[in-house]
Amino acid sequence: MTDPLDTGALVGWKVNDLGPRMVLRLQTMHRTEESEKELRERAVLLDRNQAVLLANYLYEITGQSRPKRRSLLQTLFGN
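Residues numbered from 1 in each chain as written. Predicted model: local features only at pLDDT ≥ 70, side-chain atom pairs only at ≥ 80, totals over all residues. Heavy atoms only, no water.

A. Spatial organisation of the pattern of salt bridges. Taken as a whole and assessed by the stated rule, the structure comprises five salt bridges. The salt bridge involving Arg40 is made with Asp6; its shortest N-O contact spans 2.6 Å. Here Asp6 lies in the segment before strand 1 (9-17) and Arg40 lies in strand 3 (residues 37-47), a separation of 34 residues in the sequence. In this structure, Arg40 engages Glu38 in a salt bridge whose closest nitrogen and oxygen atoms are separated by 3.4 Å. (Salt bridge = Lys/Arg side-chain N within 4 Å of Asp/Glu carboxyl O. Helix = DSSP H or I, 4+ residues; strand = E, 2+ residues; numbered from the N terminus.)

Here it is, written out as structure tokens:
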């Protein structure tokens, strides 16, 4: 018998850069059987290619486009 899918609402994340890899820490909120909320954290190890694939996939399914890079002058003068 397999465990049921552990579902929760994503409430936060943090990334620790390890050079060619990174640790993505996901914080999720869950309801317990007693109807109390419980915060859980899961750490996922990703390489840079996996991070790019995940980011591109999330942009694609949300219909968003990647932010355009701004030049130094645009950043300084707000254009």
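B. Representation of the confidence of the model for the protein within the structure. With 95% of its residues at a pLDDT of 70 or more, the protein has an overall mean of 89. Within the protein, the element-level pLDDT minimum falls on helix 2 (residues 72-77), averaging 80, and the maximum on strand 1, averaging 96. (pLDDT = per-residue confidence, 0-100.)

C. Seen up close, the pairing of strand 1. As defined by bridge partners, strand 1 adjoins strand 2 (residues 21-31) across eight bridges and the pair is classed as antiparallel. Looking across to strand 2, one finds that Gly12 is bridged to Gln27. Connecting the antiparallel pair strand 1 and strand 2 is a turn made up of three residues, with Gly19 showing a positive phi of about 85°. (Pairing = 2+ DSSP bridges.)

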